Amino acid sequence: MYQRILVTTDGSPLSKKAVRSAIELAAALGAELVALNVVPRYPMSYFEGNVSISLQEVSRIEKQWATEGQAMVDAVQQAAQAEGLRAKAVVARSNLVAEAIIAAAKKHKCDLIVMASHGRKGIKRVLLGSETQHVLAHSTTPVLVLR
C-alpha cells in the first residue's frame with residue numbers, strides 16, 4: 001500500500017505520538033520511514049528598535065536549532081531501525097513549515113505524510129495557524145493526521 005512514509009516531528013509529546021504511530025504503520029506495511037524536522041530561519045526585523053543582533057549570533061542560533069532538529073530526527077531514525085525498518089533523518093530549513101513538509105514529501109518520493117494536529121478551533125486556530133491544515137489543503141500526497 002504505502003512504500004515510503006514521511007513523519008514530521010518537532011519533539012513535542014503530540015508529535016512523538018505521531019512518530020510512534022508512523023513507525024507502527026511502516027512496520028506493518030514494510031515501508032521505509034523518512035523523519036522530518038523543519039528548522040526555522042532566524043527572524044530578522046528592521047523594526048526591532050535599537051537592539052541589533054550580530055550575524056555571528058544569528059549564525060550560532062540557527063546552527064543550534066539545526067543541531068537540535070537533527071537530534072530529533074536521528075532519534076526517530078534509530079527507533080525505526082530498532083524495529084527493523086529502513087529510515088532516513090531529514091532536516092529542512094524554512095520559515096514556511098507546511099511548504100517544507102510538502103516539498104520534502106515530493107523530494108523523497110513519499111506516498112503518505114503522517115503528522116500531528118492540536119485540533120485548535122476558533123480564534124486559537126486563526127491566531128496560531130495550522131500547519132497541518134495547510135498541508136491537508138495543499139498536498140497531493142495523502143496525509144494521516146493524529147490528535
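Everything quoted here is computed from the prediction, not taken from an experiment.

Q: Honestly, the overall build of the protein chain in this entry has me stumped. Any pointers?
A: Along the protein chain, the regular secondary structure elements total five helices and five strands. Ordered by position in the sequence, the α and β elements of the protein chain form the string β-α-β-α-β-α-β-α-α-β. Counting across all 147 residues of the protein chain, residues that qualify as buried make up 38%. Summarising the internal contacts of the protein chain: among those between residues at least 6 apart in sequence, 76% fall at separations of at least 24.

Q: Help me out: how do you make sense of helix α2 (residues 55-82) in this one?
A: Within an α-helix, residues lying three or four positions from one another point in the same direction, as the helix has 3.6 residues per turn. Between its terminal C-alpha atoms α2 stretches 40 Å, which fits the 40 Å expected from 28 residues at 1.5 Å a residue. Residues of α2 that are buried: V58, I61, E62, A66, G69, V73, V76 and A80. Contact partners of the buried residues in α2: β1 (4-8), α1 (13-29), β2 (32-39) and β3 (87-93). Just downstream of α2, G84 is the residue with a positive phi angle, here 85°.

Q: Got a minute to help me understand unusual backbone geometry in this structure?
A: Across the chain, the bulk of peptide bonds are trans and the bulk of non-glycine residues have phi less than zero. If you check the backbone angles, K109 has positive phi at about 55° while not being a glycine. Locating K109 in the fold gives a position in the loop between α3 (97-107) and β4 (112-116).

About the criteria used
- Residues numbered from 1 in each chain as written.
- Predicted model: local features only at pLDDT ≥ 70, side-chain atom pairs only at ≥ 80, totals over all residues.
- Heavy atoms only, no water.
- Helix = DSSP H or I, 4+ residues; strand = E, 2+ residues; numbered from the N terminus.
- Buried < 20%, exposed > 50% of the residue type's maximum accessible area, 1.4 Å probe, protein only.
- Contact = heavy atoms within 4.5 Å.
- Expected span 1.5 Å × (residues − 1).

Without other data, these values stay purely geometric and don't point to any function.
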